[in-house]
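Here is what each chain is made of, one letter per residue.
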Amino acid sequence: MAEAKAQFNWSWEGTDKKGNRIAGKSVAPDENAVKAELRRQGVVPLKVSKHKKVGGMGGKPIQAGDIAIFARQLATMMKAGVPLVQSFDIVGKGHENPRMQELIMAIKNDVEAGLSLAESLGRHPLYFDDLFCNLVEAGEQAGALETLLEKVATYKEKTELIKKKIKKALTYPLTVLGIAVLVTTVLLIYVIPQFEDLFKGFGAELPAFTQMVVNMSHWLIEKGYQLLFIVGGAIYAFIYFKKRSAKMRENLDRMMLKMPVVGDILVKAAIARFARTLSVMFTAGVPLVEALSSVAGATGNIVWEKAILKMQDQVSTGQQLNVTMANTGLFPNMVVQMIAIGEESGAIDAMASKVADFYEAEVDDAVDNLSALMEPMIMAILGVLVGGLVVAMYLPIFKLGAVV
């Protein structure tokens, strides 16, 4: 197993989307990783300074699930009447991950120094995005921080659950197919040559299918390293350009949305995230035009993000939200109508929440159906790959038996 990269503490300075100068601390393996994540969060890095290596206690990288648990624990503490600073102590010291402990203690120190919780969280954009900070700020201003933290926790948990379900649906078949390719490669390199030596003693011409498999074995043994180099290079180039080319990411997202079955799941997931984020932002009292910026980034797809940012421009000129949704051509009529009813009744948050509940359930069902659909297809592919090699090796034996 490859050794994990050492993590270091970094302090940085930069400018946010509004041009304001901000500073914060992050944990990452190198300076490029810090800058890349800052840019992803909409921060332009100006200065990045390296500090000590992250604790000798080790620890796993901080995941989105850790942030959701942190929000839930903090909300529970505050609802129980525990002061904010003391809540940080209890949550931080009780966390098993040293990196998460360090993050929570850094936030606690900022709060003790006089910063608001939203400002303290904003100094760590690698872990707390604009949506999280905006909701916390709204909660602080309204005097309902524990309620908003609870809503943030619920939002984070539900969005992470959708992501996990989609990843599970895509990871399972890819893993099985990867194992099938590995098994086939081992058979071609190590097993087929043994059978070939046996066949030479028959003194008869091999069946065409068997000869084809033997030729594949020869090619893989002699030139397999070239194939490995080409595949490895292609994967590296794909990852490299995907990180650096917005146009490529947009084309990939557009292509994924058009894929059969998987595209439908991604569309439903994007609608669920759109509706859930919109509901939470409205509940917090965030103005619609401002809320749409966070909603766009939460969809997880560049095609949807661009469409929602276009909606934001139209809403800022006075158009109704449901009209701008219909103009995109992305939203089903049911979603548009429910948001229209919400606008008429002044209950967009409630209607958006109902849309989110519906589409989250749709994603669950679609993922389960995809898994059920993929299993027989995977078994068929495994049968063709491995079974085909077995048949190819036994065909000469059957032919010899027929001659005898």
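The preceding data block contains the structure.
Residues numbered from 1 in each chain as written. Predicted model: local features only at pLDDT ≥ 70, side-chain atom pairs only at ≥ 80, totals over all residues. Heavy atoms only, no water.

## Brief notes about the overall build of the chain
No. 1: Along its length, the chain carries 15 helices and three strands.
No. 2: Taken against the 2.2 N^0.38 rule, which gives 22 Å for 404 residues, the C-alpha radius of gyration of the chain at 27 Å runs more than 25% over that of a compact globule.
No. 3: Along the longest, intermediate and shortest principal axes, the C-alpha atoms of the chain span 90 × 55 × 40 Å.
No. 4: For the chain, the proportion of its 404 residues judged to be buried stands at 40%. (Helix = DSSP H or I, 4+ residues; strand = E, 2+ residues; numbered from the N terminus. Rg over C-alpha atoms; globule rule 2.2 N^0.38 Å. Buried < 20%, exposed > 50% of the residue type's maximum accessible area, 1.4 Å probe, protein only.)

## Focus: the side chain of Asp253
No. 1: In this fold, Asp253 is placed in helix H9 (residues 246-258).
No. 2: A relative accessible area of 19% places Asp253 in the buried class.
No. 3: Contacts of Asp253, omitting those with residues within four sequence positions, involve Asn301, Ile302 and Val303. (Contact = heavy atoms within 4.5 Å.)

## Some points on the pattern of salt bridges
If charged atoms from side chains of opposite charge come close, those side chains can pair.
No. 1: Counted by the stated rule, this structure contains 13 salt bridges.
No. 2: Among the ionic pairs, Lys108 bridges to Asp89, the shortest N-O distance being 3.0 Å. One end of the pair, Lys108, is in helix H4 (residues 98-112); the other, Asp89, is in helix H3 (residues 84-93), and 19 residues separate them in sequence.
No. 3: Using a relative accessible area of 12% as the deciding quantity, one classes Lys108 as buried.
No. 4: In this structure, the salt-bridge partner of Glu250 is Arg254, at a minimum N-O distance of 2.8 Å. (Salt bridge = Lys/Arg side-chain N within 4 Å of Asp/Glu carboxyl O.)

## Observations concerning the nonpolar core
No. 1: Membership of the largest hydrophobic core comes to 40 residues, with the highest contact counts inside it found for Phe274, Leu278, Leu321, Met325 and Phe331.
No. 2: Where this core is concerned, the elements lending two or more residues are helix H7 (145-200), helix H10 (262-283), helix H11 (288-298), helix H12 (302-316), helix H13 (321-328), helix H14 (333-345) and helix H15 (348-403).
No. 3: Contacts of Met325, omitting those with residues within four sequence positions, involve Phe274, Met311, Phe331, Val335, Val336 and Ile339. (Core = buried A, V, L, I, M, F, W, Y, C linked by side-chain atoms within 4.5 Å.)

## Quick word on the layout of surface pockets
No. 1: Quantified by volume, the second largest pocket comes out at close to 390 Å³.
No. 2: Lining the second largest pocket we find 19 residues, and of these Thr184, Thr185, Leu188, Met216 and Leu220 sit closest to its centre.
No. 3: Listed by contribution, the elements that provide at least two residues to the lining of the second largest pocket are H7, helix H8 (208-244) and H15.
No. 4: It is H8 that provides the largest number of residues to the lining of the second largest pocket, a total of ten residues.
No. 5: When the residues that make up the lining of the second largest pocket are grouped by side-chain class, the tally is 15 nonpolar, four polar and no charged. (1 Å grid on protein atoms, 1.4 Å probe; cavity = no way out; pocket = protein on both sides within 12 Å on 5 of 7 lines; lining within 4 Å. Points joined across faces, edges and corners; volume = space filled by probe spheres on them. Nonpolar A, V, L, I, M, F, W, Y, C, P; charged D, E, K, R; others polar.)

## Points about the packing of helix H6 (residues 130-142) against H10
No. 1: At their nearest, the axes of H6 and H10 sit 9 Å apart, and the two run at 25 degrees to each other. Viewed along their axes, H6 and H10 adopt a mutual orientation that is roughly parallel. Where H6 crosses over H10, the handedness of that crossing is left-handed. Facing H6, whose interface residues are Leu131, Asn134 and Leu135, H10 presents Thr277, Val280 and Met281.
No. 2: Each residue belonging to the contact of H6 with H10 can be placed in one class, and the counts come to four nonpolar, two polar and no charged. (Axes fitted to C-alpha atoms, helices over the stretch in contact; angles between N-to-C directions. Parallel < 35°, antiparallel > 145°, perpendicular 65-115°, else oblique. Left-handed = near helix turned anticlockwise from the far one by under 90°.)

## Structural notes on the packing of aromatic side chains
No. 1: Applying the stated criterion to the full structure yields seven aromatic pairs.
No. 2: Aromatic side chains Tyr236 and Tyr240 sit 6.1 Å apart centroid to centroid with 25 degrees between the ring planes, which places their arrangement in the stacked category. Here the residue Tyr236 and the residue Tyr240 both occupy positions in helix H8, the gap between them amounting to four residues, near one helical turn.
No. 3: Under the relative-accessibility criterion, Tyr236 is labelled exposed at 59%. (Phe/Tyr/Trp six-rings, centres within 6.5 Å; stacked < 30°, edge-to-face > 60°.)

## Brief notes about the environment of Gly14
No. 1: Topologically, Gly14 is positioned in strand S1 (residues 8-15).
No. 2: Through-space distance from the C-alpha of Gly14 to that of Pro45 is 4.3 Å; in sequence the pair is 31 residues apart.
No. 3: When neighbours within four sequence positions are excluded, Gly14 is seen to be in contact with Asn20, Arg21, Ile22, Val43, Val44, Pro45 and Leu46.

## A few points about H10
No. 1: Taking 1.5 Å of rise per residue, the 22 residues of H10 would be expected to cover 32 Å, and the 32 Å separating its terminal C-alpha atoms lies within 8% of that figure.
No. 2: With respect to burial, H10 is a largely interior element, 18 of its 22 residues being buried.
No. 3: Trailing H10 by a residue or two, Gly285 shows a phi angle of about 85 degrees, which is positive. (Expected span 1.5 Å × (residues − 1).)

## Quick notes on a nonpolar patch on the surface
No. 1: Residues Trp219, Leu227, Val231, Ile235, Phe238 and Ile239 make up a contiguous nonpolar surface patch of about 530 Å² in total accessible area.
No. 2: Relative to the elements of secondary structure, Leu227 occurs in helix H8.
No. 3: Assessed through its relative accessible area of 38%, Leu227 is described here as partly exposed. (Patch = residues over 30% accessible without salt bridge, like charges linked within 9 Å, V, L, I, M, F, W, Y side chains within 5 Å. Areas by Shrake-Rupley, 256 points an atom, 1.4 Å probe, with all protein chains shown as cover.)

## Quick notes on H7
No. 1: Spanning 56 residues, H7 covers 79 Å between terminal C-alpha atoms, matching the ideal 82 Å at 1.5 Å per step.
No. 2: Within H7, the axis deviates most sharply at Leu188, by approximately 40 degrees. (Bend = angle between axes of the 7 residues up to and from the residue.)

## A word on the environment of Ser217
No. 1: With respect to the helices and strands, Ser217 occurs in helix H8.
No. 2: Judged by relative accessible area, which is 1%, Ser217 ranks as buried.
No. 3: Along the backbone, Ser217 and Thr185 are 32 residues apart, and their C-alpha atoms lie at a distance of 8.6 Å.
No. 4: Residue contacts for Ser217: discarding those within four places in its chain leaves Leu188, Ile192 and Pro193.

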